[in-house]
Amino acid sequence: MNLTGIFSMKISSLFRAPMLGVLAALALSSATVPLRPAQAQTIQIGVVDEDKLADGFKKYADAVAAIDKRAQELDGKIPAREFMTLDESKTFDDAIIKSVSTPAANPAFDALVKQGLDRRAEYQALIGKAVRTPEETARMTVLQGYASQNRAALSQLSDQLLQLVRKQQDDTDKEYTDKANSVVAQVAADKKLLMIVRKKALIYSADSVDVTAEVLNRLNK
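Reading the values: rules and limits
- Residues numbered from 1 in each chain as written.
- Predicted model: local features only at pLDDT ≥ 70, side-chain atom pairs only at ≥ 80, totals over all residues.
- Heavy atoms only, no water.
- Core = buried A, V, L, I, M, F, W, Y, C linked by side-chain atoms within 4.5 Å.
- Buried < 20%, exposed > 50% of the residue type's maximum accessible area, 1.4 Å probe, protein only.
- Helix = DSSP H or I, 4+ residues; strand = E, 2+ residues; numbered from the N terminus.
- pLDDT = per-residue confidence, 0-100.
- Contact = heavy atoms within 4.5 Å.
- Polar contact = N/O pair within 3.5 Å; in protein donor to acceptor, adjacent residues only side chain to side chain.
- Expected span 1.5 Å × (residues − 1).
- Arc of directions from axis to C-beta.

## Concerning the nonpolar core
Item 1. Among the nonpolar cores identified, the biggest contains 18 residues, and L53, F57, I196, V211, V215 and L219 are the most heavily contacted of them.
Item 2. Contributions of two or more residues to this core are made by helix 3 (58–77), helix 6 (134–190) and helix 7 (212–219).
Item 3. In terms of residues, this core owes the most to one element, helix 6, which gives six residues.
Item 4. Listed in part, the 17 residues of the second largest apolar core include L74, A80, A95 and F109.

## Topic: the confidence of the model for the chain
Item 1. When the pLDDT values of the chain are averaged, the result is 80; 78% of them are 70 or greater.
Item 2. Looking over the chain, one finds the lowest element-wise mean pLDDT in helix 1 (residues 21–31), namely 34, and the highest in helix 5 (residues 107–127), namely 96.
Item 3. Across residues 1–40, where pLDDT falls below 50, the model places 77 contacts with residues more than four positions away in sequence or in other chains.

## Let's talk about the side chain of R120
Item 1. Here R120 lies in helix 5.
Item 2. Polar side-chain contacts of R120 include one of 2.6 Å to the side chain of E82.

## Concerning the environment of R132
Item 1. Locating R132 in the fold gives a position in the loop between helix 5 and helix 6.
Item 2. Given the relative accessible area of 30%, R132 is considered partly exposed.
Item 3. From its side chain, R132 meets the backbone oxygen of L126 in a polar contact 2.8 Å long.
Item 4. Engagement of the side chain of R132 in a polar contact is seen with the backbone oxygen of I127, the distance being 3.5 Å.

## Comments concerning helix 5
Item 1. With 21 residues, helix 5 extends 30 Å between its outermost C-alpha atoms, agreeing within 8% with the 30 Å of an ideal straight helix rising 1.5 Å per residue.
Item 2. Looking only at helix 5, the buried set comprises F109, L112, V113, G116, R119, R120, Y123 and L126. In a view along the axis of helix 5, the buried residues occupy a sector of 150 degrees, so they form one face of it. Exposed residues lying more than 90 degrees from the buried face of helix 5 are P107 and K114.
Item 3. The inward-facing, buried residues of helix 5 abut helix 3, helix 4 (86–101) and helix 6.

Shown next as structure tokens:
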């Protein structure tokens with residue numbers, strides 16, 4: 001069973017769509033303000049470059065990197081589960097699930113992971129032998145028994161871990177989207193802007209109306 005890469009995922013950029021929901025709301029609210037012709041030229045408009053916002057939001061990038069690192073660590077540990085006894089498997093499952101939300105040093109768990117990975121390497125080495133001693137054949141049978149009894153549980157554990165990582169991703173996206181939306185709204189209010197629009201939606205805009213740097217400065221404080 002090849003489990004390499006089962007958890008690692010490309011977490012899509014937060015601001016390609018979700019964050020600008022508030023911008024649409026601001027634009028909509030400005031459209032409901034009755035303006036006389038003389039007022040039309042005094043409308044204050046801001047522009048946000050969502051690509052720069054996504055790339056420059058350091059706190060969000062750090063949070064995403066932490067999730068990705070945790071997913072890669074899970075990738076490296078989950079294969080050890082295949083060659084464990086039932087008691088070892090229960091200890092492993094409890095520890096690895098807990099590690100998703102509360103990563104911390106756990107020497108006993110690390111030792112268990114190493115033991116499982118060593119058995120996996122041992123099994124692969126035995127498979128590669130053209131001729132085996134009776135002891136090696138017996139050992140390979142034991143290891144095959146571990147793998148057989150763990151197959152269904154291992155698949156279930158993999159699914160559970162993947163869902164936990166995805167939930168962390170979703171929670172992180174929401175947390176930082178809400179922060180970005182709040183800051184965009186604050187910048188609009190402080191600058192007395194009636195409308196903020198996406199740069200991608202424009203053919204041309206003057207640099208003076210771009211508020212991306214101001215939004216980023218506040219987000220990264």
